[in-house]
Amino acid sequence: GFPGVPGRKGEPGESAHVYRSAFSVGLSNKDTVPNVPIRFTKIFYNQQNHYDGTTGKFHCNIPGLYYFSYHITVYLKDVKVSLYKKDKAMLFTYDKYQEMDLDQASGSVLLHLELGDEVWLQVYGNEDHNGLYADNVNDSTFTGFLLYHDTN
Amino acid sequence: GFPGVPGRKGEPGESAHVYRSAFSVGLSNKDTVPNVPIRFTKIFYNQQNHYDGTTGKFHCNIPGLYYFSYHITVYLKDVKVSLYKKDKAMLFTYDKYQEMDLDQASGSVLLHLELGDEVWLQVYGNEDHNGLYADNVNDSTFTGFLLYHDTN
Amino acid sequence: GFPGVPGRKGEPGESAHVYRSAFSVGLSNKDTVPNVPIRFTKIFYNQQNHYDGTTGKFHCNIPGLYYFSYHITVYLKDVKVSLYKKDKAMLFTYDKYQEMDLDQASGSVLLHLELGDEVWLQVYGNEDHNGLYADNVNDSTFTGFLLYHDTN
Ligand SMILES: [Ca+2]
Ligand SMILES: [Ca+2]
Ligand SMILES: [Ca+2]
């Protein structure tokens, strides 16, 4: 008889695209309180809502490797910020303010997160170190995204 | 008679790797004109040619979520730059120049782009704010890449 | 006779998730030697061990497009650093130190790497330019990750 019909096309490859978690947010004003999570409430992207603007914390819903970055406008006071993961300061960024000057400070890092881990930015030290500035034409931002999800 | 031979095996499924868009470019000199897109003409990577060095604009060919970052050498004048998406300034970075100093200013953000959206960097304000510097051993750069393409 | 049975279903598409290479490291102290690769020995992430803390070099095991970023605390001296690929300085970052100040300098870029290519950070110029600073509460970091692996 005749040959059979061709088989069906294979399934799509496991896509990177079913595993998505990303946020990008900015400071809405310059009233940053030391020693609690900084609340960034200007939203550039937060489609999955894994970043919580009411607490300032990113919540890990997909275990894997994440890239985090932040860019801070330093004005009127020094800036000392830490990137926290589960109540532990993982990364420290310090920039001194000089009179009449205005600077930019930034940090980035890859961190592996387990389900439920929380990540946030926080001023360390006292109120002499919360010189994070933002207004309508000056941003201070915090961004994170899932780079590689865990496989088993 | 006998049944025919089996049909051909199906086609492989869709690869995750067909969605690629990325560029990384630098300033070739320090003559940055305010209020028009900055033209970065030193090319680190632009394989898909989605960045146009003649206009300074990145053109979205694949709808999805993009990461953009820039790092600016601040020298001789202040720097005020904005990241534009479709004629709207999305992100603002300011760094003041002090006599005898030289600073680095940077920004990064995630932006969702539709097909045809254009993204670029531009000096805002006047010619007192175009202190972007570059020469053979000093870079000012602009980078972007597709992180997650849209699925339907 | 009857037609043959349908062909077998095609293979699944290629997964994005088998190609992984990433590292994120920091300076452990402030003794940076000029003109040799900077050794970052504080490890945030290096699961694949493609970064070698004994040499300071990242070794490309998967050809493709990589994103690199670094953030340097500038203190007590100027900082001039280059990102090297295969003994060629690809990217240059300079930040001047001013008395009583402390700054942050950063850079990032996309580079295509072939199998075996090595990438590292290095102070250029002389010992007046190695003002990279780090201690328990001040970081200077270097990060890289595979964004898109090569397909043929
Ligand atoms: Ca400054
Ligand atoms: Ca400086
Ligand atoms: Ca400073």
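What you see is a predicted model, and the numbers here were worked out from it, not measured in a lab.

Participant: Mind laying out the overall build of chain A, listing which residues take part and the relevant values?
Facilitator: In terms of regular secondary structure, chain A is built from zero helices and 10 strands. Listing every helix and strand of chain A by position from the N terminus yields β-β-β-β-β-β-β-β-β-β. Compactness check: chain A gives a C-alpha radius of gyration of 20 Å against a globular reference of 15 Å for 152 residues, more than 25% above the reference. Dimensions of chain A, computed from the C-alpha atoms along their principal axes, are close to 90 × 30 × 25 Å.

Participant: A description of the relation of the copies chain A and chain B should follow, citing residues and the corresponding values.
Facilitator: Both copies of the chain are related through a single rotation about an axis accompanied by a shift along the same axis. Placing chain A over chain B gives an RMSD of 2.2 Å and needs a rotation angle of 117 degrees, together with 1.8 Å of translation along the axis. Viewed as a symmetry operation, the transformation between the two copies matches a three-fold axis.

Participant: Lay out the nonpolar core with the relevant residues and their values.
Facilitator: Across soluble globular proteins, nonpolar side chains show a tendency to be buried alongside one another. In this structure, Phe145(A), Phe145(B) and Phe145(C) are the most contacted members of the largest nonpolar core, which totals 120 residues. If we skip the residues at most four places from it in the chain, Phe145(B) touches Phe145(A), Ser21(B), Ala22(B), Leu65(B), Tyr66(B), Tyr67(B), Tyr67(C), Leu110(C), Phe145(C), Leu147(C) and Tyr148(C).

Participant: Give me the lowdown on the pattern of salt bridges, citing residues and values where you can.
Facilitator: All names here are of chain B. What the rule picks out here adds up to seven salt bridges over all chains. A salt bridge links Asp117 to Lys86, with the nearest nitrogen and oxygen atoms 4.0 Å apart. Of the two residues, Asp117 is situated in the loop between β7 (103-113) and β8 (118-123) and Lys86 in the loop between β5 (64-85) and β6 (88-95); the sequence distance between them amounts to 31 residues. Owing to a relative accessible area of 53%, Lys86 belongs among the exposed residues under this scheme.

Participant: Break down the interface of chain A and chain B for me, with residues and values.
Facilitator: Listed as interface residues are 45 residues of chain A and, on the opposing side, 41 residues of chain B. Taken over both partners, the interface formed by chain A and chain B buries close to 3200 Å², and the fraction arising from carbon and sulfur atoms is 53%. The interface formed by chain A and chain B includes 15 residue pairs in polar contact (both at pLDDT 80 or more). For the side of chain A that touches chain B, the element with the most residues is strand β10 (residues 141-149) of chain A, which contributes five residues. Residues of the side of chain A that touches chain B, tallied by class, amount to 17 nonpolar, 18 polar and 10 charged.

So, how was this worked out
Residues numbered from 1 in each chain as written. Chains lettered and ligands numbered in written order. Predicted model: local features only at pLDDT ≥ 70, side-chain atom pairs only at ≥ 80, totals over all residues. Heavy atoms only, no water. Helix = DSSP H or I, 4+ residues; strand = E, 2+ residues; numbered from the N terminus. Rg over C-alpha atoms; globule rule 2.2 N^0.38 Å. Least-squares fit on C-alpha atoms with pLDDT ≥ 70 in both. Core = buried A, V, L, I, M, F, W, Y, C linked by side-chain atoms within 4.5 Å. Buried < 20%, exposed > 50% of the residue type's maximum accessible area, 1.4 Å probe, protein only. Contact = heavy atoms within 4.5 Å. Salt bridge = Lys/Arg side-chain N within 4 Å of Asp/Glu carboxyl O. Buried area = accessible area lost by both parts, 1.4 Å probe. Polar contact = N/O pair within 3.5 Å; in protein donor to acceptor, adjacent residues only side chain to side chain. Nonpolar A, V, L, I, M, F, W, Y, C, P; charged D, E, K, R; others polar.

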